[in-house]
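One letter stands for each residue in the lines below.
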Amino acid sequence: MNADRELDDILSEIGREHRAIGAPESLEPLLFAASASRIRDTRQRRMRLTWALATAAILLAVVAAGGIVWQTRGSHPRQTQQAQLVPARPVGPESRPAPVQDPGRQKSVPKSAPLHKTGPAHVNLRDSSAKQPAWNSLDEFVALPVSEGLPAATELSVVRVRVRGSELRQYGLEAPPDAGAQTLLAEFAVGEDGLPRAIRIVR
Amino acid sequence: MFDRQPRRRLDGELSDEQLHREALAGSGEAMAALYRRHGGLVYRFSLRMSGIPAAAEEITQEVFLALLTQVDRFDAGRGMLSTWLCGIARRQVWKYLARNNAALVDSDEECTLELQSPDDGPAEVMLRGEAVAAVRAGMDQLPPALREVVILCALEEMSYEQAAQVLAVPVGTVRSRLHRAKARLAGLLRTEMASMERKRG
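Residues numbered from 1 in each chain as written. Chains lettered and ligands numbered in written order. Predicted model: local features only at pLDDT ≥ 70, side-chain atom pairs only at ≥ 80, totals over all residues. Heavy atoms only, no water.

Tracing the backbone shows Arg197 of chain A in strand S7 (residues 196-201). For Arg197 of chain A, the side chain forms a polar contact with the main-chain oxygen of Pro151 of chain A, separated by 2.9 Å. (Helix = DSSP H or I, 4+ residues; strand = E, 2+ residues; numbered from the N terminus. Polar contact = N/O pair within 3.5 Å; in protein donor to acceptor, adjacent residues only side chain to side chain.)

Now the structure itself:
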């Protein structure tokens, strides 16, 4: 008898028996539940992710709002205070200075703080140091001499710019000779007409 | 009140790929249909390789859960789901055999098959039945690398290409392993037949 052919026959027979074996039915409900729970897990994961993102966004918003409040609190009281310190004096429209160039940042000043321009045509800050702080440590707004004659601004914006000490002359201020080449960070209080009313040296 | 919606049977309606997509989307019916369609193959293979029904059941469960967890690994464009499942089952089986210190004899090593003594069976057993039992026992003693080829090609009647996909080896390797396995089983059978002839004489 041919052993190889006999082996093939036997393997066929074993194969028929083998293929008659089915998968255990006990696993079917388990896999059914595993698949169904998958969508629940996915939903829960998505929900957790959504909540995490929402919480992060809220925290971010709170931090940003806190930063804005902190910044505005740091700048508003000074402007308001200075606006009240400068006495009002009606002036003529004879000298209208050029608008401030290259505005860096603008802050809205409350309408409740109108600024009326006063003072001489030229203010020598060094000379007036007895009444006002030194020019390079001016941390409060001083009315610009060139703003004389301008109508009173009802709303002011603060514009931060870098200027050379020598450029202050065009605003009616005189810087000391040694400060002429220095670059200063200054803030201008600008009226709604775009014309500067007051200045403050930041540093 | 409310009638509970009967479970849909999707066995013949959808392709493997569609059922897999539905199962991933949370359809228990689709998962059950896939299990009914391919669970037998996976379970039989695991059973033949491990020899223990409980182990085969555990492996089968792992394989089908992998359908849900190893989503990205199955590519319908590269092969059939049945061969992919069988490939996972094979890896699980080999892990099981390694854990249980089974004799993972390399397929290239010579392995001597020991027959069950013909005297173990009742004398009145038909000769054919003895031969079948001898081959079955011989299969169980084959090294796993040869045994799995016999299971897939001879018992499951897979093509060489399908078996090669399951085993992740070239088709030529499948052919050579099957040839070696059959040669050993044929030698065993010849010995058995000679023994039976002697008994008859």
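Having seen the model, we can carry on.
Residues and elements named next belong to chain B. Contact geometry for helix H4 (residues 81-99) and helix H6 (residues 144-155): axes closest at 12 Å, N-to-C directions at 150°. It follows from the interaxial angle that H4 and H6 lie roughly antiparallel. At the point where H4 passes H6, the crossing takes the right-handed sense. Contacts from Cys86, Arg90, Trp94 and Leu97 of H4 reach H6 at Pro144, Ala145, Glu148 and Leu152. Partitioning the contact of H4 with H6 into residue classes produces six nonpolar, no polar and two charged. (Axes fitted to C-alpha atoms, helices over the stretch in contact; angles between N-to-C directions. Parallel < 35°, antiparallel > 145°, perpendicular 65-115°, else oblique. Left-handed = near helix turned anticlockwise from the far one by under 90°. Contact = heavy atoms within 4.5 Å. Nonpolar A, V, L, I, M, F, W, Y, C, P; charged D, E, K, R; others polar.)

What follows deals with helix H5 (residues 127-141) of chain B. The first and last C-alpha atoms of H5 of chain B sit 21 Å apart over 15 residues, in line with the 21 Å expected at 1.5 Å per residue. Of the residues making up H5 of chain B, those classed as buried are Glu130, Ala131, Val132, Ala134, Val135, Ala137, Gly138 and Met139 of chain B. (Expected span 1.5 Å × (residues − 1). Buried < 20%, exposed > 50% of the residue type's maximum accessible area, 1.4 Å probe, protein only.)

Taken residue by residue, the interface counts 43 residues in chain B and 30 residues in chain A. When chain B packs against chain A, the two sides together hide about 3,400 Å² of surface, and 66% of this comes from carbon and sulfur. Seen at the junction of chain B and chain A, the total is four salt bridges. One salt bridge in this structure joins Glu157 of chain B and Arg19 of chain A, with 3.5 Å as the shortest N-O distance. Considering each element in turn, the side of chain B that touches chain A owes the most residues, 12 residues, to helix H2 (residues 28-50) of chain B. In terms of residue class, the side of chain B that touches chain A is made up of 24 nonpolar, seven polar and 12 charged. (Buried area = accessible area lost by both parts, 1.4 Å probe. Salt bridge = Lys/Arg side-chain N within 4 Å of Asp/Glu carboxyl O.)

This part is about the pattern of salt bridges. Scanning all chains against the criterion turns up 11 salt bridges over all chains. Its salt-bridge partner being Arg197 of chain A, residue Asp193 of chain A comes within 2.9 Å of it at the nearest N-O pair. A residue is classified by how much of its surface remains accessible, and Asp193 of chain A, at 35% relative accessible area, is partly exposed. The salt bridge involving Arg90 of chain B is made with Glu148 of chain B; its shortest N-O contact spans 2.9 Å. Of this pair, Arg90 of chain B sits in helix H4 while Glu148 of chain B is found in helix H6, placing the two residues 58 residues apart along the sequence. Glu148 of chain B sits in the buried class, given a relative accessible area of 0%. The structure contains a network of salt bridges with shared partners spanning Arg160, Glu187 and Arg200 of chain A.

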